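Residue-level structure breakdown
Single-letter residue listing:
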Amino acid sequence: MTLFLLTFFLIYGGLHSYILMKAWRALHLHGPAGAIAVFVFLFMTVAPVIIRLLEKTGHEAAGRCVAYVGYSWMGFIFILFSFSVVFEIIRLVCFVYERVFTRPGVFETGFAAPLFFVLPLLFAVVISGWAHWEANKIRVRTLEITTDKLPRTVKQFTIVQITDVHAGLMVRETKLRQIAKLVADAKPDILVSTGDLVDGDMNTLNGLADILGNLKTPLGKFAVTGNHEYYAGIDNALSFTRRAGFTVLRGAGVTIADTINISGVDDIAGVRSGRGSDPEAPMLSKLPGHLFTVLLKHRPVVDSEAEAARLFDLQLSGHTHKGQIYPFNYLVWLSNRLYTGYHVLPHGCRLYTGNGTGTWGPPMRLFAPPEITVVRLHHS
């Protein structure tokens with residue numbers, strides 16, 4: 001934890017220092033204005049820690065207010081930094097051009113610093129507003145799959161996936177009711193949650209489980225743990241998930257109505273802590289192999305050479321949020337090429353990685369719209 005906090009403050013504090021330096025130079029911040037700017041930037045740097053302290057000490061209302069401001073600022077400062085880098089590249093190219101062709105221009109005056117701070121600032125304000133709007137527009141994405149492992153008597157079997165809801169301080173009743181309505185409208189046979197259903201301290205979740213608990217599906221609701229279930233406290237997180245009506249699959253599988261197999265494993269965060277489930281292959285090998293098998297796994301990781309890859313037909317995952325705020329999707333892509341969308345893998349197995357239904361941290365999404373996924377299985 002100490003190493004994580006040190007790394008976080010080095011990166012996040014460095015980002016704030018860079019933006020503050022640009023603002024100081026561009027706006028000539030001195031005296032009271034400069035002192036206020038320094039205080040704001042310092043407060044926003046440590047805001048995530050303040051939020052957790054307020055949450056754990058039971059000051060939910062204050063924690064929610066600071067969370068909305070602090071996390072919105074986090075998204076805004078990331079977007080501002082991205083635009084600042086782009087404009088700095090443009091500025092460097094123009095500067096070199098003027099020097100090479102000896103044509104004095106804007107870079108020979110004191111106008112450059114204000115211009116190349118104000119322009120990214122304006123862009124960041126507008127784009128941040130859009131990102132807030134996009135985060136609240138959950139789309140329904142449909143995936144049609146044909147398979148000969150579905151009984152001929154079953155014309156269609158519908159699975160709805162939600163993932164990375166992050167119910168807590170930021171994702172509250174309004175968002176959960178919106179999710180519940182979209183799920184109900186899809187008329188699923190089963191509902192699955194592929195991890196990170198909850199986020200933060202359990203004291204902030206009073207009443208939220210009932211919203212999902214009142215959502216009925218004909219053949220049940222199934223869930224697996226994500227990394228945030230362990231951050232929030234695995235025992236309380238499991239209790240919340242079960243109160244919401246889900247059967248939690250922890251290295252276990254079930255056959256539903258002699259039609260399909262649903263199986264699930266714990267997130268690797270649980271395995272590392274010694275409270276995770278057993279490997280996938282032994283569990284999958286016990287399920288009827290002639291039926292279509294769905295594996296619920298929080299992270300979109302598949303070892304195509306492992307035995308388990310031959311034992312399931314579709315893996316449903318989440319975790320990545322598709323980067324949540326552009327251009328961080330490129331960083332996520334570098335660590336996992338299966339970070340979003342539908343993939344056909346060796347041995348005929350398939351993987352779908354959802355964008356996530358809620359948000360973590362900033363209540364914002366940029367070019368990574370939240371979604372629920374409707375998987376319709378048809379007999380080929």
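These figures come from a predicted structure and were not determined experimentally. Along each chain, residues carry numbers from 1 onward, in the same order as the chain's sequence is written. It should be noted that, the model being predicted, local features are given only for residues of pLDDT at least 70 and side-chain atom pairs only at 80 or more, the latter also being counted only at that level, while totals for whole chains, interfaces and linings use all residues. In computing side-chain properties, one takes all heavy atoms of the structure into account and sets aside hydrogens as well as water.

1. Section: the pairing of strand β7 (residues 260–264)
Under the scheme applied here, a residue whose accessible area is under 20% of the maximum for its type counts as buried, over 50% as exposed, and between as partly exposed, the area being computed with a 1.4 Å probe on protein chains only. Only DSSP runs of H or I reaching four residues or more are called helices, and only runs of E reaching two or more are called strands; each is numbered from the N terminus. Most of β7 is tucked away: five of the five residues are buried. Side chains Ile 260, Ile 262 and Gly 264 project from β7 onto one buried face, and the interleaved Asn 261 and Ser 263 project onto a second face that is buried too. Taken together, the five bridges between strand β6 (residues 252–256) and β7 define a ladder with antiparallel strand orientation. In the strand pairing of β7, Thr 255 is matched with Asn 261. When DSSP finds two or more bridges between a pair of strands, those strands are recorded as paired. Counted between consecutive antiparallel strands, the loop separating β6 from β7 contains three residues, among which Ala 257 sits at a positive phi close to 50 degrees.

2. Some words on the layout of surface pockets
Approximately 2,000 Å³ is the volume found for the largest pocket. Lining the largest pocket are 42 residues; nearest its centre among them are Phe 4, Phe 8, His 228, Tyr 231 and Trp 360. At the level of secondary structure, the elements contributing two or more residues to the lining of the largest pocket comprise α1 (2–27), α2 (31–56), α3 (60–100), α7 (227–232) and α11 (328–335). Counting residues per element, the lining of the largest pocket draws most heavily on α1, which supplies seven residues. The residue classification treats Ala, Val, Leu, Ile, Met, Phe, Trp, Tyr, Cys and Pro as nonpolar and Asp, Glu, Lys and Arg as charged. All others, Gly included, are polar. Of the residues belonging to the lining of the largest pocket, the class tally is 23 nonpolar, twelve polar and seven charged. In this analysis the probe radius is 1.4 Å and the grid spacing 1 Å, with only protein atoms considered; a cavity is a set of points the probe fits into but cannot get out of, a pocket is an open set with protein on both sides within 12 Å along at least five of seven lines, and lining residues have an atom within 4 Å of a point. Grid points are joined across faces, edges and corners, and a volume is the space filled by probe spheres set on the points. Of the volumes computed, that of the second largest pocket is approximately 390 Å³. What lines the second largest pocket is a set of 21 residues, among which Val 265, Ile 268, Glu 280, Lys 297 and Val 301 lie closest to the centre. No other element matches the three residues that helix α9 (residues 268–273) contributes to the lining of the second largest pocket. Partitioned by chemical class, the residues of the lining of the second largest pocket number ten nonpolar, three polar and eight charged.

3. Some thoughts on the sheet that holds strand β12 (residues 371–379)
What the six strands build is an open sheet, ordered β1-β12-β2-β3-β4-β5; its pairing is mixed. Edge positions in the sheet fall to β1 (139–147) and β5 (247–248), since each has one partner strand and no second. In this structure, strand β3 (residues 190–194) lies alongside strand β4 (residues 221–224), joined through four bridges in parallel fashion. Note that in β4 the partner of Leu 191 across the bridge is Lys 221. The contact criterion used is simple: two residues touch if any of their non-hydrogen atoms lie within 4.5 Å. Note on definitions: angles span 0 to 180 degrees between N-to-C directions of axes, and those axes are lines fitted to C-alpha atoms, for helices only across the stretch in contact. Helix α5 (residues 173–186) contacts β1, β2 (156–162), β3 and β12 of the sheet and is inclined by roughly 170 degrees relative to β2.

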